[in-house]
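Architecture and fold: a report
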Amino acid sequence: MEQVDLILSGGEVVTMDSHFTLFDTGAVAVRDGAIVAVGPTAELMAAYQAREVVDCSGCAVTPGLVNGHTHAPMTLLRGLADDMRLDVWLMGYMMPVEREFVTPEFCWLGTQLACAEMIRAGVTCFGDMYYYEEAVADAAVQAGMRAVCAQSILKFPTPDAASYDEGLRLAHDFVARWKGHHLIVPAIGPHAVYTATPEMLTACAELAEAYGVPIHIHLGETAREVEEHRAEYGMPVVPWVKKQGLFRARVTAMHAVHLDAGELQTLLHHGATIVHNPTSNLKLASGLAPVARMLAMGLAVGIGTDGAASNNNLDMVEEMRLAALLAKGASLDPTALPARQALAMATAMGAHALHVGDMTGSLEPGKRADLAVFELDAPHLMPRFQRDPASLYALLVYAARSGDVRDVLCDGRWLMRQRQLLTVDVDALRARTDELAARMDRFLIGREASVLSKLLAIGGVARERTFEVQVKVRLPDLEGREQMLDVDDITIVRSSLRRQYDTYFLFSDPDESRLRYREDEILDAAGEVTDVDYRLTLMTAAKEREFPKSVLLSRSRFDADAKHSPRFYREYFHPQREVAVHKERRRYHIRYGGTDFAVNFDQIIQPALPGAYLEIQSRTWSAQDAEHKADLISALLDKFGVQEAGLVRREYLDLAMDALAGA
Ligand SMILES: [Zn+2]
C-alpha cells in the first residue's frame, strides 16, 4: 500500500474539476501538501496507508474557497465609515486614515485578523491589494494561507511610497523577494485608472511582464469613473489600459461593473479575468456587474469580498450566495448563475481568475491540498434528497453558512480543526486591534471637531492670512461702468467677464466657518465659456475695521483647487446651511496710486437681488499696507462719483441670505 500523510474519508467529495465529479462517499489522499488521489472511499482506503485519517462522514469536502479580491488589512477599518458614496468614503475617510495609521505593523495585524475570519469561512486562498504588501504576505504565510499579493501603486503619495516611482521600486523589490514562494504569488497592483498615469500603467505592465507575475487593477467600478475617464481621455477604460500596454501582463480586473460588451471582449481576447464583488458593489451602490453575460462570453470570473471596510465582512460563503442571487435578480432570470456555477466561481474559476488555477481551486491529483470540510448536520441543512446528486451544490450555495465549515486544510497543513483555529491567535490580536481602534477614533473625533482640520485632511490646501480691503456699493444698474473707470490716474491692466456659481457651506462652529465652492466660468467677448476654474475657499470670521468709505477685513483663508464636486463636499462636511449665489461679474484689474485693485461689477442672478454691485478690493499681507489701501479706496470712490450713502458694507452672502429668508 502506498503511504500518504492524510486521508479525508467518508464525506461527499465535491471536486469542482472540469467534469464536476462528485464522490459519495469519497476520499481525498494528501502527501507532501499535494493531493495524491481523489475517489470513492473504499477504493482509496484500499490503495493508501495514511498517517492520519479524518472521518468526514456527514460532511461535504470541497476545494478551499478562493476570495478573489480583498484588501486584507482593511479589517482594521471595518465599521469606521459607512453609508457613504465611494468618493467621500475613499477620499474623505479611508485615505486620510490610511495616511495616518497604515504601517507594516498595521498591515500585518489586519491581515492576521482577515486570515482568521477567512479560514473560518473555508477560504484557503485570497487575492489582495494593499500597501506594505510584504507585511500582508508575511501574515498570510504565518496563518498558512495561500495569497496572490499585489503591491499597490498610485500616482499620488501612499502610506508606503511618496511617489509612484518609489511605489514601483517597492513593487519590484517585493516581487523579486517573493517570486517562487510556495504560498505567495506576488503581483503588481496599479490601483485603478483614476489613480494612475499612462506612464505608470506602462511601467507596471513592463515590471509584471519581466517577472511573469499578474496585475490586479480596479476597473470600471463606478459609472462616474467610466464617464470621467471618457471625458478626460476620449476613450473607455479598457481600450485605454490596452493602449498603455497593460495586457502584456496577465490581468485580473476587479469589479468590472461598467464595462461594455466590446471591453469585455477585449479582456477575454487578452486572457484577462474578472473578480466580481457583489456585496461591495451593492453597499457602495456601484451598480450590478453583468456577470451572466461575462460567463456566457467565456470569461473567467471569480468572487471577492473586497475589503472589510466596504462589505463589512470577509464571509465567502455569504458572498457566493449573493453572487448567485444578484445575477438572477439583475437579469430577471432565475436560471442565471446556478448554484454549481456560483461554487465554481468561488473555487476553480476563482483560482483561474487569480491566475493560480494550476495550483488550487479543485480537488484533483497534482493540485495543492487546499480544502474545506462543511458539516451538513445543522437544522438549516435538513433534509437531504438523493434524486439529484447536484442538489448538493444548491445546499452549499443557498443554505450553508460559514459556521458550517468544520475543518480547513491549506497546502496540506491544518488551519482549522473542529472549528478551532490552529494558526492564528485571535485572542492575542484582540488587545492590539482594540488599542488601534481607540487611536483611530481619537484621530477622527479630533478631525471632525473643526471644518479646517477636515479640509486639511483631504489635502491640497494652501493657507493665507490676508488682510482684505473692500467696499461694496449698490448701483442702480451696470450702465456707464466703462465711463466710470475712464478717469485720470487709473490704468486698466486687463478685464474679464465671468459667471460665478458660488455654493456657500455655513457652519455654526466657533470660527463661524464659511466654505465657498466657486465654479468660475471665464467668458470670451462672444459670451462663450473659455475656461472654468473650481476653487474651494475656507474663510473664518473676519475681524473688521471700518474706514470712512471702506472696510478692512483681516482673516485667515484656506484656498484649494476644488478637486471634487459640491456634492462631495456637502456629504463630507455636513454643513448646517447652504446658500447658492450666482452672479455675472465684469472684472477690471486696475492700477491706482501705485497699487493694484480689482474692480468688480456684479449682477446677482440668484437670488434675484435688485440693482447691481460695485466691489473694489485688494488683498495684502500687512496691516499697514492695508490701511494705506483703504485710504486709496476712499479716493477712488470719490473719483467714481460714488456717494457714501450708497455704501453696502455687507457681503453678498448676507444679502443673499436675507433675500432667501424674505422669500
Ligand atoms: Zn477593492
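What this report covers is the structure whose coordinates are included nearby. Quantities reported herein were computed from a predicted structural model and do not represent experimental measurements. (Residues numbered from 1 in each chain as written. Predicted model: local features only at pLDDT ≥ 70, side-chain atom pairs only at ≥ 80, totals over all residues. Heavy atoms only, no water.)

Right, let's get into the overall build of the protein chain. The secondary structure content of the protein chain amounts to 21 helices and 27 strands. If one aligns the C-alpha atoms of the protein chain with their principal axes, the spans along those axes are about 110 × 50 × 50 Å. Residue pairs at least 24 apart in sequence account for 72% of intrachain contacts in the protein chain once pairs closer than 6 positions are excluded. Summed over its atoms, the accessible surface of the protein chain is roughly 26400 Å², and 50% of this surface lies on carbon and sulfur atoms. One way to put it: in the protein chain the 68 positive side-chain charges average out to a point 2 Å from where the 91 negative ones average out. (Helix = DSSP H or I, 4+ residues; strand = E, 2+ residues; numbered from the N terminus. Contact = heavy atoms within 4.5 Å. Areas by Shrake-Rupley, 256 points an atom, 1.4 Å probe, with all protein chains shown as cover. Lys, Arg positive; Asp, Glu negative; His and termini not counted. Charge placed at Lys NZ, Arg CZ, Asp CG, Glu CD.)

Protein ligation of the zinc ion involves His69 (NE2), His71 (NE2), His218 (NE2) and Asp306 (OD), the donor distances falling in the range 2.1 to 2.4 Å. Around the zinc ion sit four donor atoms; with metal-centred angles ranging over 84 to 174°, the donor geometry is irregular. The sequence motif formed by the donor residues of the zinc ion is H-x1-H-x146-H-x87-D. In this pair, His69 is assigned in strand E6 (residues 65–70) and His218 in strand E10 (residues 215–219), connecting sequence segments 149 residues apart. Comparing His69 with His218, the two get one shared label, buried. (Donors = N, O, S within 2.8 Å, 3.2 Å for Na, K, Ca; no water. Tetrahedral: all angles 85-135°; square planar, octahedral: opposite > 155°, others 65-115°. Buried < 20%, exposed > 50% of the residue type's maximum accessible area, 1.4 Å probe, protein only.)

A complete count under the given rule lists 38 salt bridges for this structure. Taking the shortest distance from any N to any O, the salt bridge between Glu615 and Lys472 comes out at 2.7 Å. Of this pair, Glu615 sits in strand E26 (residues 612–620) while Lys472 is found in strand E18 (residues 461–475), placing the two residues 143 residues apart along the sequence. Like Glu615, the residue Lys472 is buried in the burial classification. Each of Arg85, Asp87, Arg224, Glu228, Arg567 and Glu571 takes part in one network of salt bridges that share partners. (Salt bridge = Lys/Arg side-chain N within 4 Å of Asp/Glu carboxyl O.)

Now for the packing of helix H3 (residues 104–120) against helix H16 (residues 426–448). Where H3 contacts H16, the two axes come as close as 10 Å, and the packing angle between them is 130°. When the interaxial angle is binned, H3 and H16 end up oblique. Remark: the crossing between H3 and H16 carries left-handed chirality. Packed against H3, whose contacting residues are Phe106, Trp108, Leu109, Gln112, Leu113 and Ala116, the element H16 presents Val426, Leu429, Arg432, Thr433, Leu436 and Met440 at the interface. When its residues are assigned to classes, the contact of H3 with H16 shows nine nonpolar, two polar and one charged. (Axes fitted to C-alpha atoms, helices over the stretch in contact; angles between N-to-C directions. Parallel < 35°, antiparallel > 145°, perpendicular 65-115°, else oblique. Left-handed = near helix turned anticlockwise from the far one by under 90°. Nonpolar A, V, L, I, M, F, W, Y, C, P; charged D, E, K, R; others polar.)

Once that is clear, we can look at the packing of aromatic side chains. Scanning all chains against the criterion turns up 14 aromatic pairs. On the basis of an interplanar angle of 85° and a centroid distance of 5.4 Å, the ring pair of Phe568 and Tyr569 is categorised as edge-to-face. Residue class for Phe568 comes out buried when judged on its relative accessible area of 0%. Owing to a relative accessible area of 2%, Tyr569 belongs among the buried residues under this scheme. Taken together, a centroid distance of 5.9 Å and an interplanar angle of 25° make the contact between Phe568 and Tyr572 stacked. Here Tyr572 and Phe568 lie together in helix H19 (residues 566–573), a separation of four residues that amounts to about one turn. Grouping residues by exposure puts Phe568 and Tyr572 together as buried. Each member of the aromatic cluster is reached from another via a ring pair, and the members are Tyr93, Phe507, Tyr517, Tyr534, Phe568, Tyr569, Tyr572 and Phe573. One cation-aromatic arrangement involves Arg417 over Trp414; the distance from NZ or CZ to the ring centre is 4.6 Å. Of note, Arg447 hangs over the ring of Tyr93, and the distance from its end group to the ring centre comes to 4.8 Å. (Phe/Tyr/Trp six-rings, centres within 6.5 Å; stacked < 30°, edge-to-face > 60°. Lys NZ or Arg CZ within 6 Å of the ring centre and 35° of its normal.)

On to the pairing of strand E21 (residues 529–539), then. Where strand E20 (residues 514–523) lies against E21, ten bridges are found, and the strand directions are antiparallel. Bridged to Leu523 within E21 is Val529. Between E20 and E21, which pair antiparallel in sequence order, lie five residues; one of them, Gly527, sits at a positive phi of approximately 85°. (Pairing = 2+ DSSP bridges.)

Right, let's get into helix H5 (residues 164–178). Taking 1.5 Å per residue, 15 residues should reach 21 Å; H5 reaches 21 Å between its end C-alpha atoms and fits that length. Looking one or two residues past H5, Gly180 carries a phi angle of roughly 95°, positive in sign. (Expected span 1.5 Å × (residues − 1).)

Bringing the nonpolar core into the picture now. Counting 146 residues, the largest nonpolar core has Phe106, Ile188 and Leu267 as its most contacted members. If one sorts the elements of this core by residue count, H3 sits on top with ten residues. Counting 26 residues, the second largest nonpolar core, distinct from the first, contains Ile490, Ile590, Tyr592 and Leu632. (Core = buried A, V, L, I, M, F, W, Y, C linked by side-chain atoms within 4.5 Å.)

Once that is clear, we can look at the packing of helix H4 (residues 133–143) against H5. In the contact formed by H4 and H5, the axes pass within 10 Å of each other and the chain directions differ by 25°. Regarding the angle of H4 to H5, the classification is roughly parallel. Of the residues in H5, those in contact with Glu133, Glu134, Ala137, Asp138 and Val141 of H4 are Phe174, Arg177 and Trp178. Looking at the contact of H4 with H5 residue by residue, the class counts come to four nonpolar, no polar and four charged.

Most peptide bonds are trans, and most residues other than glycine sit at a negative phi. Of note, the bond from Asp24 into Thr25 is cis; its omega dihedral lies within 30 degrees of zero at -5°. Of note, Thr25 is situated in strand E2 (residues 22–31). For the bond from Gln606 to Pro607, the omega torsion is -5°, close enough to zero to count as cis. Structurally, the position occupied by Pro607 is in the loop between strand E25 (595–606) and E26. We note that Met16 has phi near 55°; this positive angle belongs to a residue other than glycine.

On to the environment of Ala378. Within the secondary structure, Ala378 sits in the loop between strand E14 (371–375) and helix H15 (391–399). Residue classification places Ala378 among the buried residues on the basis of a relative accessible area of 16%. With 341 residues separating them along the chain, Ala378 and Ala37 place their C-alpha atoms 29 Å apart.

Turning our attention to the side chain of Thr279. With respect to the helices and strands, Thr279 occurs in helix H10 (residues 278–283). Residue Thr279 is classed as buried on the basis of its relative accessible area of 10%. A distance of 2.9 Å separates the side chain of Thr279 from the side chain of Glu319, its partner in a polar contact. Setting aside residues no more than four positions away along its own chain, Thr279 makes contact with Ser310, Asn311, Glu319 and Leu322. (Polar contact = N/O pair within 3.5 Å; in protein donor to acceptor, adjacent residues only side chain to side chain.)

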